[in-house]
Amino acid sequence: MTALFDAALECLLDTEPARKCEHVDNLYRQWLASEVVFEEGYSPVAITTPGRPSRPTLVHPRDLPKRSLGTNEGRAALIHAVAHIEFNAINLALDAIVRFPHMPRDYHGDWLRVAAEEAGHYRLLSARLGELGHAYGDFHAHNGLWDMALRTAGSPLDRMALVPRLMEARGLDVTPGMIRNFRKLGDEKTVAILERILEEEVGHVEAGTRWLHYLCEAQDLDPEDTYFNRLAHYLGDAIHCPVHYKARLDAGFTPSELQRLERLCSGK
């Protein structure tokens, strides 16, 4: 039998992307086959730097160059940016397991599933980069997702509110536009990958919604007010538009939440 938290930590610290993805897949298959031990009383593990390769070079978002999608390099750069997000999302899902081991068994099953699906996304994007003559690490990237993981490291409630329901939910908003742009270029291979990512990311955000509600219920908190209080605390209500209404509804956002988000991002 495999010990869940030790195995998840090993995956999290693995620096080689292909091997990390393989280890995550194997662990999730074992979990589904009931071959994983859920260790009661496991002490949380605080990771400041997850396992990642020496490339890409990480820079501030403002230092990332703007490239035109009309060029092969521009297309590859955008695919690389999404691949970087998906690779970071593997680490975020694994970190949600080892950092908050006191959460229920089903919580850990959810985030192990998310890690495995993110690994699948990364593989698809990495292969597409290869078809365009590039590899993961060829372009600079930023560390915004992991930075938010560190900022919410002390609270699973904050983590659920700010990572799946803010950072990953933003992916639901922007991916349709990327799909339209790649379709205009006739790049149906990339379109198919992005459509799969969009479909599965709805489930990832929904997991965040479900566990945010669980934590709010345990603390007798209103989920909607708590969510917006967390946004204000961490971001000062700096919300980006547009909001993908249907995808967010499918991911557990309420109409009231979406109306409040739209008011925030329009400054009203």
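Draft legend 1. The arrangement of the overall build of the chain in detail. The secondary structure content of the chain amounts to 10 helices and two strands. Starting at the N terminus, the α and β elements of the chain follow one another as β-α-α-β-α-α-α-α-α-α-α-α. The dimensions of the chain, computed from C-alpha atoms along their principal axes, are 55 × 50 × 30 Å. Burial status across the chain gives 50% buried among its 268 residues. Considering only contacts within the chain whose residues lie at least 6 apart along the sequence, 80% involve residues at least 24 apart. Carbon and sulfur atoms form 52% of the exposed surface of the chain, whose accessible area is close to 12200 Å². The positive charge centre, built from 30 side chains, and the negative charge centre, built from 39, are 7 Å apart in the chain.

Draft legend 2. Examining the packing of aromatic side chains more closely. Under the definition given, this model contains 10 aromatic pairs. Measuring from centroid to centroid gives 5.4 Å for tyrosine 122 and tyrosine 136, while their planes differ by 85°, and the two rings are edge-to-face. Taken as a pair, tyrosine 122 in helix α4 (residues 105-131) and tyrosine 136 in the loop between α4 and α5 (144-151) lie far apart in primary sequence, 14 residues in all. Like tyrosine 136, tyrosine 122 is buried.

Draft legend 3. Molecular detail of the pattern of salt bridges. Scanning all chains against the criterion turns up 24 salt bridges. In this structure, the salt-bridge partner of aspartate 14 is arginine 19, at a minimum N-O distance of 2.9 Å. According to the relative accessible area criterion, aspartate 14 is buried, its value standing at 8%. Relative accessible area serves as the criterion here: at 39%, arginine 19 is assigned to the partly exposed category. For the salt bridge of aspartate 250 with lysine 246, the shortest nitrogen-to-oxygen distance reads 2.8 Å. Taken together, the positions of aspartate 250 and lysine 246, both in helix α9 (residues 245-250) and four residues apart, correspond to about one turn of that helix. Assessed through its relative accessible area of 43%, aspartate 250 is described here as partly exposed.

Draft legend 4. Quick look at the side chain of arginine 128. Residue position: arginine 128 is located in helix α4. Dropping the residues within four chain positions of it, arginine 128 is found in contact with Arg75, Ile79, Asp187, Lys189, Thr190 and Ile193.

Draft legend 5. Broad picture of the state of the cysteines. Applying the stated criterion across every chain, the model contains zero disulfides. Summary of cysteine pairing: cysteine 11 is not part of a disulfide, and the nearest cysteine sulfur, belonging to cysteine 21, is at 9.9 Å. Accessibility expressed as a relative area gives 4% for cysteine 11, which makes it buried.

Draft legend 6. Focus on helix α10 (residues 255-265). Among the residues of α10, those classed as buried are Glu257, Leu258, Leu261 and Cys265. Buried positions in α10, seen along its axis, are confined to an arc of 95° and lie on one side of it. Each element contacted by the buried residues of α10 is listed here: α6 (156-184), α8 (223-235) and α9.

Draft legend 7. Quick look at helix α7 (residues 188-218). Look at α7: 46 Å from first C-alpha to last across 31 residues, which is about the 45 Å you get at 1.5 Å a residue. Directly after α7, the chain includes aspartate 220, whose backbone phi takes a positive value near 55°.

Draft legend 8. Molecular detail of the packing of helix α2 (residues 17-32) against helix α3 (residues 72-99). In the contact formed by α2 and α3, the axes pass within 11 Å of each other and the chain directions differ by 45°. One element, α2, and the other, α3, form an angle in the oblique class. For the crossing formed where α2 meets α3, the hand is left-handed. Residues Pro17, Lys20, Cys21 and Val24 of α2 form the contact with α3, whose participating residues are Phe87, Ile90, Asn91 and Leu94. Across the contact of α2 with α3, the residue classes break down as six nonpolar, one polar and one charged.

Draft legend 9. Focus on unusual backbone geometry. The peptide bond linking arginine 55 to proline 56 adopts the cis configuration, its omega dihedral lying at 15°. Within the secondary structure, proline 56 sits in the loop between β2 (36-37) and α3. Not every positive phi belongs to a glycine, and serine 34 is a case in point at roughly 60°. Phi at aspartate 220 takes a positive value of approximately 55°, unusual for a residue other than glycine. Mapped onto the fold, aspartate 220 is located in the loop between α7 and α8. Judged by its relative accessible area of 73%, aspartate 220 is exposed.

Cut-off values and rules
Numbering of residues begins from 1 in every chain and follows the order in which that chain's sequence is written. With the structure being a predicted model, the display of local features is reserved for residues of pLDDT at least 70 and the display and counting of side-chain atom pairs for 80 or more, all residues being used for whole-chain, interface and lining totals. To get the side-chain values, take all heavy atoms of the structure and skip hydrogens and water. Counting from the N terminus, the helices are the DSSP runs of H or I reaching at least four residues and the strands are the DSSP runs of E reaching at least two. Burial status follows relative accessibility: with a 1.4 Å probe on protein chains alone, a residue under 20% of its type maximum counts as buried, one over 50% as exposed, and anything between as partly exposed. Whether two residues are in contact is decided by their heavy atoms: any pair within 4.5 Å suffices. Only the protein chains shown count as covering a residue, and every accessible area follows the Shrake-Rupley method with a 1.4 Å probe. Charged residues are defined here as Lys and Arg on the positive side and Asp and Glu on the negative side; His and the ends of the chain fall outside this count. Where a charge lies is defined by one atom per residue type, namely NZ (Lys), CZ (Arg), CG (Asp) and CD (Glu). In summary, the pairing rule links any two rings of Phe, Tyr or Trp, Trp by its six-membered ring, whose centres are within 6.5 Å, and it sorts them by plane angle into stacked for under 30 degrees, edge-to-face for over 60 and tilted for everything else. Think of a salt bridge as a Lys or Arg side-chain nitrogen and an Asp or Glu carboxyl oxygen that are within 4 Å of each other. Disulfides are defined in this document as cysteine sulfur pairs within 2.5 Å. The directions considered for the arc run from the helix axis to the C-beta atoms. Here the expected span of a helix is defined as 1.5 Å times the quantity of residues minus one. Fitted lines through C-alpha atoms serve as axes, helices being fitted only where they are in contact, and the angles separating the N-to-C directions of these axes extend from 0 to 180 degrees. Here the word oblique covers every angle except those under 35 degrees (roughly parallel), over 145 (roughly antiparallel) and from 65 to 115 (roughly perpendicular). Crossing chirality is assigned from the near helix's rotation relative to the far helix, an anticlockwise turn below a right angle marking it left-handed and a clockwise turn marking it right-handed. Note on residue classes: Ala, Val, Leu, Ile, Met, Phe, Trp, Tyr, Cys and Pro are nonpolar, Asp, Glu, Lys and Arg are charged, and everything else, Gly too, is polar.

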